[in-house]
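# Overview (structure and organization)
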Protein chains: 2
Amino acid sequence: MQEIKVGLAGLGHVGSAAVKILQANRSNFSRRLGSSISLSWVCDRHPGKKLKNLSLPKSVKVTTNYRDLIEDPRVDVLIELMGGVADARRAVLGALQAGKHVITANKRLLSQHWDEIFRAAERHRKLVYFEASVAGAIPILQAVQNSLAANEIQEVLGILNGTTNYILTRMIHDRMSFDAALRRAQELGFAEKDPTLDLNGSDTVHKLSILASLVTGLRVPPGRIHREGIAGIDLNDVLFAGGELGRTVRLLGILRLQRRGGKNFYEARVHPALIEQKHPLASVHDEYNAVLLKTSYAGDQMFYGKGAGAEPAASAVLGDLFMLAKAITAQKSANSNRMIWSGHGAAEIIPMAELECEFFLKFFAKDMPGILSRITGVLGRHGISISQIYQKFDKHPAGVPIVFVTHSAKEAAVQKAVAAITRLPHVASKSVCLRML
Amino acid sequence: MQEIKVGLAGLGHVGSAAVKILQANRSNFSRRLGSSISLSWVCDRHPGKKLKNLSLPKSVKVTTNYRDLIEDPRVDVLIELMGGVADARRAVLGALQAGKHVITANKRLLSQHWDEIFRAAERHRKLVYFEASVAGAIPILQAVQNSLAANEIQEVLGILNGTTNYILTRMIHDRMSFDAALRRAQELGFAEKDPTLDLNGSDTVHKLSILASLVTGLRVPPGRIHREGIAGIDLNDVLFAGGELGRTVRLLGILRLQRRGGKNFYEARVHPALIEQKHPLASVHDEYNAVLLKTSYAGDQMFYGKGAGAEPAASAVLGDLFMLAKAITAQKSANSNRMIWSGHGAAEIIPMAELECEFFLKFFAKDMPGILSRITGVLGRHGISISQIYQKFDKHPAGVPIVFVTHSAKEAAVQKAVAAITRLPHVASKSVCLRML
């Protein structure tokens, strides 16, 4: 079995989560890939305490210098999670030059050195994957590069920064001032101590630059994107927009195609925008991210999920690693169906009768004294407890409708009780049974 | 340049759209792939009139017998869009046996003959892609197979059938009866003449079977999935749920992991469910589809888009073709960055000053007679027309706030007008300028 060797640089929150999740997935990956992925090196400037929490096997080498990973000819893939730009750039370019594929989550690096990095990748015929750099765990880069490849993407609207979306949500829902919402975000770890790059829109600009460069197939450098942040947002304006205008405020990254004289021109901008309450992006709350695309054939699409946090980012990094391993393995065999059909047989399906949920039950009864107590009696004998009873409906040809909302109850018990109730005298055989989610 | 030859069987709505979109994308695909995709054969039982609308080049051969595609050794990929099960199964198995990769949108075929098809693919070391079979253009199969590969997917909630979601939306929003909503859906082409498989939940079961088999890595046959449709749904119950219970009705496909004694067991069911109005799936209206995933590391994710229609399905088929061509090409070179970095330079970005939208403007004025007319005068001279004026705010240290909502106006004109207004006597230099989406 082919072995794909990985060096990971940067054991911060994302890096440590990636190491843990990779170790947990080794057998899963090798079963589905037909090749195995092994961690050969980890690199961190101060690895001491971080290593203790990871309990790595002894086969994993540790260094404080990323050059050790690059100079090891057995390493196939560098995962760059160092952060910053200068060293990260040297590590990525060095790895490509040394014939290694690269995975990175570094949006600043990519948006600022896009041409240099992909020119190097092209020259050395190596792959660079970077799903975690935009919208965390949401597979938006995969979608625009591959699944939607046949479409012209005419518009991108993105909530790409969890910090600012969390602050705006607190202002809108809890009537907090900007300053109080920022403090809350910092307490919860949704905002850094120095939140400047989030608040002034720079982080969203970096992400929009990457997304826009993929969507257009052309370079959209961060400096060409108009940028306004949320630092000046006043709670009065937010509340006024919600009350009088029926609008909510979101910090958006916007790319929009305009055709002029047969040529493609683009709007590219980041600023707070007042959007209608029924707009799909208006329901994206808290630290969540979302991207809405307008496409030529696939219509509107929205992708929604966690845009920040160590585990979501690590999930994206490892999705990239899985796809990269598949591409490397595919050079030797096209047998990627392994992951679909493993020959391991059928899943264990739980019989419907054993499932539990809340139910909406409706019966039709002749309006006689005592019938309600007889129905509730049957429900009680089947262990079904009632949370709400309604008897407000107009009379129906089958009788007076009585609606019950139950507490969580077993499917089998409910079906038996319904059968018993509809056999009661003065109760119609017709009934309604709907499950609540 | 390597040439990848495609045979397409079935020139119905999806097949015809796929041919058109493929022809439109040929140069786009070859630029990004480093290989070219060409259509060698089309097959249809009654090709006559359909061909007239397609204006195919003469190099494309036409047949009424799918065996011609399979027996042509130059064909690399079969795209099966014939529909039905018996012939489609023979075509797919025949193509795999003849050493061809397969793309299909056929959910009934896949859900019923899963093992047989993937066993054949495994034996002949060929790929089968089928993104269009579940949720149309939404790249959900790609996401669960690749991007989220490191996650355990603990729950899948899907609105997977556009027909039933359209009918439920009409009942809920327009208070239409089930029968009237069905007729409307048929008039608009969202429901077939015989809508049985949609209404009774079978179509959703087929799609859930495919999705569940990928998510579990094990077989989840359609027969093991509990099925209830929406045919019995009564408008009274829908309205009651909306009014008294704050719930809306959706036909859901549900897969849910339960761990029992260290083993994985699954709930697998399709039925109408009452969901809370604030639930993400409650805002999925009309013929749209959506899938909500609960994952171990990436958190909650939602994918939303067009689940039906010829062009969305063709978009998914061609996304598959693009990825398949990439996998075939990758066997000769790993140079997949072509699609990212084409060396074609920078995108044309439109200067912010030229963009147009509606604006929210707020100025602070000393409460003097005449100041409103002077502000509106400046706006008018800059060609900015006003849709709403508000002067309800409490007094602010800077003066009395006056809010204007404008009609669509040029960015440059608005910036100039704001500068001029804030220089007026009795108007504060501080102002607020927000864009409306």
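The following refers to the structure shown. (Residues numbered from 1 in each chain as written. Chains lettered and ligands numbered in written order. Predicted model: local features only at pLDDT ≥ 70, side-chain atom pairs only at ≥ 80, totals over all residues. Heavy atoms only, no water.)

## Re the overall build of chain A
Formally: Working definition: helices are DSSP H or I runs of at least four residues, strands are E runs of at least two. Numbering for both runs from the N terminus. For a compact globule the rule gives 2.2 Å times the number of residues to the power 0.38, and the radius of gyration it is set against comes from C-alpha atoms. Any pair of residues with heavy atoms lying within 4.5 Å of one another is described as a contacting pair.
Assigned secondary structure in chain A consists of 14 helices and 18 strands. Here chain A has a C-alpha radius of gyration of 28 Å; the compact-globule value for 437 residues is 22 Å, and the former is much larger. Expressed as lengths along the three principal axes of its C-alpha atoms, the size of chain A is roughly 85 × 60 × 50 Å. Considering only contacts in chain A between residues 6 or more positions apart, those separated by 24 or more positions represent 69%.

## So, the pairing of strand β1 (residues 2-9) of chain B
Two faces make up the sheet, and in a regular strand the side chains alternate between them. All names here are of chain B. Threshold: What makes two strands pair is DSSP finding at least two bridges between them.
By the bridge criterion, 8 bridges tie β1 to strand β2 (residues 35-43) in an arrangement that is parallel. Paired with Gln-2 across the bridge in β2 is Ser-35. Of the pairings in the sheet, the one linking β1 to strand β4 (residues 77-80) comprises 4 bridges and is parallel in character. Its bridge partner lying in β4, Val-6 is registered against Val-77.

## Brief notes about the side chain of Thr-422 of chain B
Residue and element names in this part refer to chain B. Inclusion rule: The buried label goes to any residue with under 20% of its type's maximum accessible area, the exposed label to any with over 50%, and the partly exposed label to all in between, with areas taken from a 1.4 Å probe on protein chains only. The term polar contact refers here to a pair of N or O atoms within 3.5 Å; inside protein, the definition further demands a hydrogen-donor-capable atom paired with an acceptor-capable atom, and it admits residues adjacent in sequence only when both atoms are side-chain atoms.
Here Thr-422 is to be found in helix α14 (residues 411-422). The class for Thr-422 is buried, based on a relative accessible area of 17%. Among the polar contacts made by the side chain of Thr-422, one reaches the main-chain carbonyl oxygen of Ala-419 at a distance of 3.1 Å. Excluding its chain neighbours within four sequence positions, the residues that come into contact with Thr-422 are Phe-363, Val-427, Ala-428, Ser-429, Lys-430 and Ser-431.

## Section: the interface of chain A and chain B
Size of an interface: often given as the accessible area lost when the parts come together. Applied cut-off: By definition, the buried area sums, over both parts, the 1.4 Å-probe accessible area that each loses when the two are put together. By salt bridge we mean one thing: a side-chain nitrogen of Lys or Arg within 4 Å of a carboxyl oxygen of Asp or Glu. Gly falls in the polar group here, along with every residue not listed as nonpolar (Ala, Val, Leu, Ile, Met, Phe, Trp, Tyr, Cys, Pro) or charged (Asp, Glu, Lys, Arg).
The partner chain B presents 121 residues to the 122 residues of chain A that form the contact. Surface buried jointly by chain A and chain B totals about 10,800 Å² across both partners, of which 58% is contributed by carbon and sulfur atoms. Counting across the interface, chain A meets chain B through 8 salt bridges. One salt bridge connects Arg-260 of chain B with Glu-354 of chain A, and the closest N-O pair in it is separated by 3.0 Å. There are 36 residue pairs in polar contact (both at pLDDT 80 or more) connecting chain A and chain B. Ranked by residues supplied to the side of chain A that touches chain B, first place goes to strand β10 (residues 263-276) of chain A with 12 residues. The class makeup of the residues in the side of chain A that touches chain B is 63 nonpolar, 30 polar and 29 charged. As paired elements, β10 of chain A and strand β18 (residues 427-436) of chain B share 2 bridges and run parallel to each other. Within β18 of chain B, the position partnered with Ala-273 of chain A by the bridge is Arg-435 of chain B.

## So, the packing of helix α12 (residues 310-330) of chain A against helix α6 (residues 140-147) of chain B
What counts here: For helices, the fitted axis covers only the stretch in contact; all axes are lines through C-alpha atoms, and the angles between them, taken along N-to-C directions, range from 0 to 180 degrees. Should an angle lie under 35 degrees it is considered roughly parallel, over 145 roughly antiparallel, and from 65 to 115 roughly perpendicular; all remaining angles are considered oblique.
At their nearest, the axes of α12 of chain A and α6 of chain B sit 9 Å apart, and the two run at 90 degrees to each other. One element, α12 of chain A, and the other, α6 of chain B, form an angle in the roughly perpendicular class. Packed against α12 of chain A, whose contacting residues are Ser-315, Gly-319, Phe-322, Met-323 and Lys-326 of chain A, the element α6 of chain B presents Gln-142, Gln-145, Asn-146 and Ser-147 of chain B at the interface. Class assignment of the residues belonging to the contact of α12 of chain A with α6 of chain B gives a composition of 2 nonpolar, 6 polar and 1 charged.

## Considerations on the sheet that holds strand β3 (residues 61-63) of chain B
Residue and element names in this part refer to chain B. If you walk across this open sheet you meet the 6 strands as β3-β2-β1-β4-β5-β6, and the pairing is parallel. Edge positions in the open sheet fall to β3 and β6 (128-129), since each of these has one partner strand only. Summarising the sheet, β2 and β3 pair through 3 bridges and their orientation is parallel. Bridging across to β3, Cys-43 finds its partner in Thr-63. On top of the sheet, helix α1 (residues 13-33) reaches β1 and β2; it is set at about 160 degrees to β2, its chief contact.

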